[in-house]
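# Examining the three-dimensional arrangement
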Amino acid sequence: MNAFKRTAIALGVATALSLGTAHAQVSDNLIKIGVLTDMSSLYTDLAGAGSVVAAKLAVEDSGIEKRGYKVEVISADHQNKADVGSSVARQWYDVDKVDVIVDTPNSGVALAVSQITRDKGKAFLASGPGSSDLTGAKCSPNTVHWAYDTWMLANGTGTAITKGGGDSWFFISADYAFGAALERDTAAAVIKNGGKVIGGVKAPLNTQDFSSFLLQAQASKAKIIGLANAGGDTTNSIKQAAEFGIVKGGQKLAGLLVFLTDIHALGLQTAQGLTFTETFYWDQNDASRAFAKRFSALDKGIYPTMVHAGVYASVLHYLKAVEALKSDDGTKVVAKMKEMSTDDPLFGKGTIRVDGRKIHPAYLVQVKTPAESKAPWDYYKIVATIPADQAFRPLADGGCSLVK
Amino acid sequence: MEIFGIPTQALFGQLLIGLINGAFYAMLSLGLAVIFGLLNVINFTHGAQYMMGAFCAWFLLEKWGVGYWWSLLLAPLAIGLTGVVIERTMLSRLYKLDHLYGLLLTFGLALIFQGVFTNYYGSSGQPYRLPEEFAGAFNLGFMYLPKYRAWVIVASVLVCLSTWFVIERTKLGSYLRAATENPALVQAFGINVPRMITLTYGFGVALAALAGVMAAPIYQVAPQMGANIIIVVFAVVVIGGMGSILGAILTGFGLGVVEGLTKVFYPEASNTVIFVVMVIVLLIKPAGLFGKEK
C-alpha cells in the first residue's frame, strides 16, 4: 500500500504547489463535472463506472449543450481512502477547474470532500455515501445528499419489520462509523415500535467468514438478524446464513443496506425473501425502465442502482439550476437547487431541504423467489411505500447548523 | 455447563468453525511455504492465484457446464500452468537478485490480475452453486454443520498431509530439498534443477487454485477475495516459520482456532489477533515456531 501513499503524497505536494493560481470563476461556459467514485474495489458495481454513465446521460437528457453551454464529465478513483479522495478533490477544484463533484460512495471520503467543497465554494452532489451526518452535524451549504442515508434505511427497514412481528433483534454490524450509525439508528426504530434488541456483535470490515457470528446470532434466538454492513460483508453474511440453515430455522435476515447489484451477485436462490429499503427500483414505471435499458447497454449490462439513479437525477437538477442562474458558482447553484423543486424521470417530483437533504419516497422491497422472477434483473417486489415526508429524518432532529 | 460465560456446546461449535477456516489458511500457507522453502521467492501473487482458481471453477461451470469435481482437478492444472509460464518468463530472471525483487514482481502481478478481473467481472462477485451432493447439513447436537464444510476440513487435511509426505518423506522430495541447499551439486548428479524449480512453483500455485475452488461455494467468487485473505496467510507462514511445511500446516489450523475463539470473546479483535500472535512469536522465536535459525 506504500505505493498508494506515495502517489497520494505526490498529489498533495503537486496540489500545494499549484495553490494560489486558481480562482473561482464566474461561468466560463464550461461546466465541468467530476465523478469521484470507487473504480477498483467493493463499491465499483453499485457506483463506479456506472456513475460516470449516469452523469453523461443526465448531461445528454438536459439538452443544455444544445443551448450553447459546454459540459465535460471527468472521473477519478478515490480508492476508498479519504486522503486520496481529498487530494483528487483539491486538484480538481484548484487546477482542473471542476465545478461540481458527484457520487462519492464511502462516507469517510464523502465527509472529507464535503468539507473541501465548502472551503472552495464549489458544489458536491453526494448520492453514493450513506452517513446521515452529511445533512446532520456536518451539513454544508455546498452539499446536496441525494439518494439515501443511514437514518432512512434504519427507519424504513427497522420500523416495517418490527411492526410486522419481528420484534427481537440481534445485530451483526461492521466495526466502523457507518456500521455503528446504522445499528444505532435501527435499534432506535426497533425500540420505538415496541421491539427489543437482545444482542449484537461487531465484525471487522471485510471479514470473509461470518459463520462464527451467525452461530452467535442463532444461539441468541432473536427473530431478526440485522445486518448493519455493506457490500461484500453483506453478501457473504447472507450467503453463509443460508448455508448454516439460519433462515430455515425460522430466523429472518434484515439487510440494512443492500443494493440491486448485491442481489444480482447473490442470486435469487440465496437472496429470496430478503426485505430492505431502497429509494429507486428500475422496474417502477416506463421512464425508469427506459432509463435502465439505456444505462445497462453502457455499463456492462448492470442495471442501475439507487446510487446511479441519484447521480443522474442530481446532475440533471444541478444543470437546471446552473441554467436558471446563468452561473456555475457552487454556493449559489446549491442555494438555487434548494429553491427550485425537483422533477426528474427517476425520483419524480421532490424537494431539497435547507440542510441539503433531497426528499423523496422510499420503498420497502422484498426479493422475489426464482419462480416469481420473469426476466434478468427482475428482483424486487415493492411491498410498501414510505411517503416522502416520513422517509427521512425530521429536519429538526439532525442538528444541522443551517437549520434555524 | 459454561466456560467464561459461554455454554460449552456453543464453544464446541466455534472451535469447529475455527478449524474449518484454519483449513483454508493451512492450504494457502502450505503453497506459500513450498514456494518460499524451495525457491526463496515470497509469492505475493498467491492471493490472486487463489482468486483465479475460484474464477476458473466458476467459468467451467457457467460456460461449459463442467461440475465441481472436475473443477477440483482442472482449475489447479490450468492456474498451475499459468504459474509455470510466470516462473519461466519472469521469476526465473530474478533468482540471483535480492528477495525484494521477487516480492515486487509478484505483488505487481497480483494487482494486475485483480484489476483485470474487477474490470471485467465487477467487484460484487459471482455466485457459485453448491454441488448437489453437499446440500444439507449434519446436526451434531451442539451445532448445525453444513456438509460442505465438513468436506473442506477432510479434503484440506488430506492435501496437507500428502504434500508434507511427498516433500519430507519421498525421494522426489529429497531432491527438491537438496536442490535448495546446493543447486550446483544436485545438477551435477544429472538432475534438471531449473525444471524442478519451475514445476515446484507451478505446484505451489496449483495449491492456491485448489483452495480457491474449495472456497468458491462458500464465499462470493470475487476479484478481491484473495487480497482479503493473503495478508493473514502471510502472517501464518511467518508464525509457522518461513519455508517450514509442517509449520505452515499446523499454524494454519491453530490460528484458525485462535481466530474463531476471538470471534466469540472479543469479535472486534478477530482480524488483528493473528498479528498480535505474530509479534509475540517473532519476539520470542524470530525464525517462527517451526523454523530453523540460520
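Everything quoted here is computed from the prediction, not taken from an experiment. (Residues numbered from 1 in each chain as written. Chains lettered and ligands numbered in written order. Predicted model: local features only at pLDDT ≥ 70, side-chain atom pairs only at ≥ 80, totals over all residues.)

### A word on the overall build of chain B
- Broken down by element type, chain B carries 11 helices and 4 strands.
- Across its three principal axes, chain B shows a C-alpha extent of roughly 65 × 50 × 35 Å.
- Expressed as a percentage of its 294 residues, the buried residues of chain B come to 51%.
- Considering only residue pairs separated by 6 or more positions, chain B has 76% of its internal contacts joining residues 24 or more positions apart. (Helix = DSSP H or I, 4+ residues; strand = E, 2+ residues; numbered from the N terminus. Buried ≥ 20, exposed ≤ 12 C-beta atoms within 10 Å, placed from the backbone. Contact = placed C-beta atoms within 7 Å.)

### Regarding the overall build of chain A
- Along its length, chain A carries 14 helices and 15 strands.
- The C-alpha atoms of chain A give 21 Å as radius of gyration, which agrees with the globular expectation for 404 residues (22 Å, within 12%).
- Each of the three principal axes of chain A carries a C-alpha extent, and together these read 65 × 50 × 45 Å.
- Within chain A, buried positions represent 58% of all 404 residues.
- The contacts in chain A between residues at least 6 apart in sequence include a share of 72% that link residues at least 24 apart. (Rg over C-alpha atoms; globule rule 2.2 N^0.38 Å.)

### Observations concerning the interface of chain B and chain A
- Counting from both sides, the interface comprises 31 residues of chain B and, opposite them, 34 residues of chain A.
- Elements represented by at least two residues in the side of chain B that touches chain A include exactly α1 (8-39), α4 (99-121), β4 (144-146), α9 (225-240) and α10 (245-265) of chain B.
- When residues of the side of chain B that touches chain A are assigned to their parent elements, the largest contribution, 5 residues, is made by α1 of chain B.
- Residues of the side of chain B that touches chain A, tallied by class, amount to 13 nonpolar, 16 polar and 2 charged. (Nonpolar A, V, L, I, M, F, W, Y, C, P; charged D, E, K, R; others polar.)

### Thoughts on the domain arrangement of chain A
Residues and elements named next belong to chain A.
- Split into domains, chain A comes out as domain 1 (2-18 + 27-148 + 285-360) and domain 2 (152-278 + 363-391).
- Averaged C-alpha coordinates put domain 1 and domain 2 at centres separated by 28 Å.
- Contacts between domain 1 and domain 2 engage 15 residues on the former and 14 residues on the latter. (Domains from an automatic or database assignment.)

### Here we look at the pairing of strand β4 (residues 123-126) of chain A
Residues and elements named next belong to chain A.
- Where burial is concerned, the two faces of β4 agree: the one with Ala123 and Leu125 and the one with Phe124 and Ala126 are both buried.
- For the crossover from strand β3 (residues 100-103) across helix α4 (residues 107-120) to β4, the handedness is right-handed.
- The pairing of β4 with strand β5 (residues 143-145) spans 3 bridges and is classified as parallel. Across the sheet, Leu125 pairs through a bridge with Val144, a residue of β5. (Right-handed = clockwise from strand over helix to strand, strands pointing away. Pairing = 2+ DSSP bridges.)

### A closer look at the packing of α1 of chain B against α9 of chain B
Residue and element names in this part refer to chain B.
- Axis separation between α1 and α9 bottoms out at 9 Å; the angle between their running directions is 65 degrees. Considered as vectors, α1 and α9 are oriented roughly perpendicular to each other. Both α1 and α9 take part in a crossing whose hand is right-handed. Residues Tyr25, Leu28, Ser29, Leu32 and Ala33 of α1 form the contact with α9, whose own contacting residues are Ile229, Val232, Val233, Val236, Val237 and Gly240.
- Along the lines of polarity and charge, the residues of the contact of α1 with α9 split into 9 nonpolar, 2 polar and no charged. (Axes fitted to C-alpha atoms, helices over the stretch in contact; angles between N-to-C directions. Parallel < 35°, antiparallel > 145°, perpendicular 65-115°, else oblique. Left-handed = near helix turned anticlockwise from the far one by under 90°.)

### Focus: the sheet that holds strand β11 (residues 342-344) of chain A
Residue and element names in this part refer to chain A.
- Taken in spatial order, the 3 strands of this open sheet run β11-β12-β13, and their pairing is antiparallel. Edge positions in the sheet fall to β11 and β13 (358-359), since each has one partner strand and no second.
- Both strand β12 (residues 348-352) and β13 contribute to a ladder of 2 bridges, which runs antiparallel. Looking at the pairing, Ile352 lines up with Lys358 of β13.

### A look at the nonpolar core
- Grouped together as the largest cluster of nonpolar side chains are 213 residues, with contacts concentrated most on Val315 of chain A together with Met27, Ala54 and Ala209 of chain B.
- Residue contributions to this core reach at least three from each of two domains, namely domain 1 (2-18 + 27-148 + 285-360) and domain 2 (152-278 + 363-391) of chain A.
- With sequence-adjacent residues up to four places away left out, Ala54 of chain B is seen in contact with Gly212, Val213, Ala215, Ala216, Val221 and Met225 of chain B. (Core = buried A, V, L, I, M, F, W, Y, C linked by C-beta atoms within 7 Å.)

### Regarding helix α6 (residues 177-192) of chain A
Residues and elements named next belong to chain A.
- Here α6 is 16 residues long and its end C-alpha atoms lie 22 Å apart, about the 22 Å a rise of 1.5 Å per residue gives.
- Check the buried side of α6 and you find it contacts α4, α5 (150-163), β6 (168-174), β7 (196-203) and β8 (224-228).
- Backbone geometry just after α6 places Gly194 at a positive phi near 90 degrees. (Expected span 1.5 Å × (residues − 1).)

### What about the environment of Phe210 of chain A?
Residues and elements named next belong to chain A.
- Position of Phe210 relative to the elements: it lies in the loop between β7 and α7 (211-220).
- Classification of Phe210 as buried rests on a count of 27 C-beta atoms within 10 Å.
- Between the C-alpha atoms of Phe210 and Cys139, which are 71 residues apart in sequence, the distance is 35 Å.
- Excluding residues that lie within four positions of it along the chain, Phe210 makes contacts with Ile172, Ala203, Asn236, Ser237 and Gln240.

### Notes on helix α11 (residues 286-298) of chain A
Residue and element names in this part refer to chain A.
- Helix length check: α11, at 13 residues, gives a terminal C-alpha distance of 19 Å against a target of 18 Å (1.5 Å per residue), a fit within 8%.
- Among the residues of α11, Phe291, Ala292 and Phe295 are the ones counted as buried. On an axial view of α11, the arc spanned by its buried residues comes to 105 degrees, and they lie on one face. Residues Asp286, Arg289, Ala290, Lys293 and Ala297 are exposed on α11 and point more than 90 degrees away from its buried face.
- Turning to α11, the residues buried within the fold contact α2 (48-62) and α12 (306-325).
- Just past α11, the residue Lys300 takes up positive phi, approximately 50 degrees. (Arc of directions from axis to C-beta.)

### Details of unusual backbone geometry
- Not every positive phi belongs to a glycine, and Lys326 of chain A is a case in point at roughly 55 degrees.
- Tracing the chain through its elements places Lys326 of chain A in the loop between α12 and α13 (330-339).
- Classification of Lys326 of chain A by C-beta neighbours within 10 Å gives exposed; the count is 9.
- Phi is positive for Asn40 of chain B, close to 60 degrees, though the residue is something other than glycine.
- Relative to the elements of secondary structure, Asn40 of chain B occurs in the loop between α1 and α2 (46-64).

### Remarks on the environment of Lys381 of chain A
- Within the secondary structure layout, Lys381 of chain A lies in strand β15 (residues 380-386).
- Dropping the residues within four chain positions of it, Lys381 of chain A is found in contact with Val365, Gln366 and Lys368 of chain A.

### Points about the sheet that holds strand β1 (residues 30-37) of chain A
All names here are of chain A.
- Taken in spatial order, the 5 strands line up as β2-β1-β3-β4-β5 in an open sheet, and their pairing is parallel. With one partner strand each, in any of the chains shown, β2 (70-77) and β5 form the two edges of the open sheet. Each neighbouring strand pair of the sheet contributes to a mean axis angle of 20 degrees, computed without reference to strand direction.
- In this sheet, β3 lies alongside β1 in parallel orientation, the contact comprising 4 bridges.

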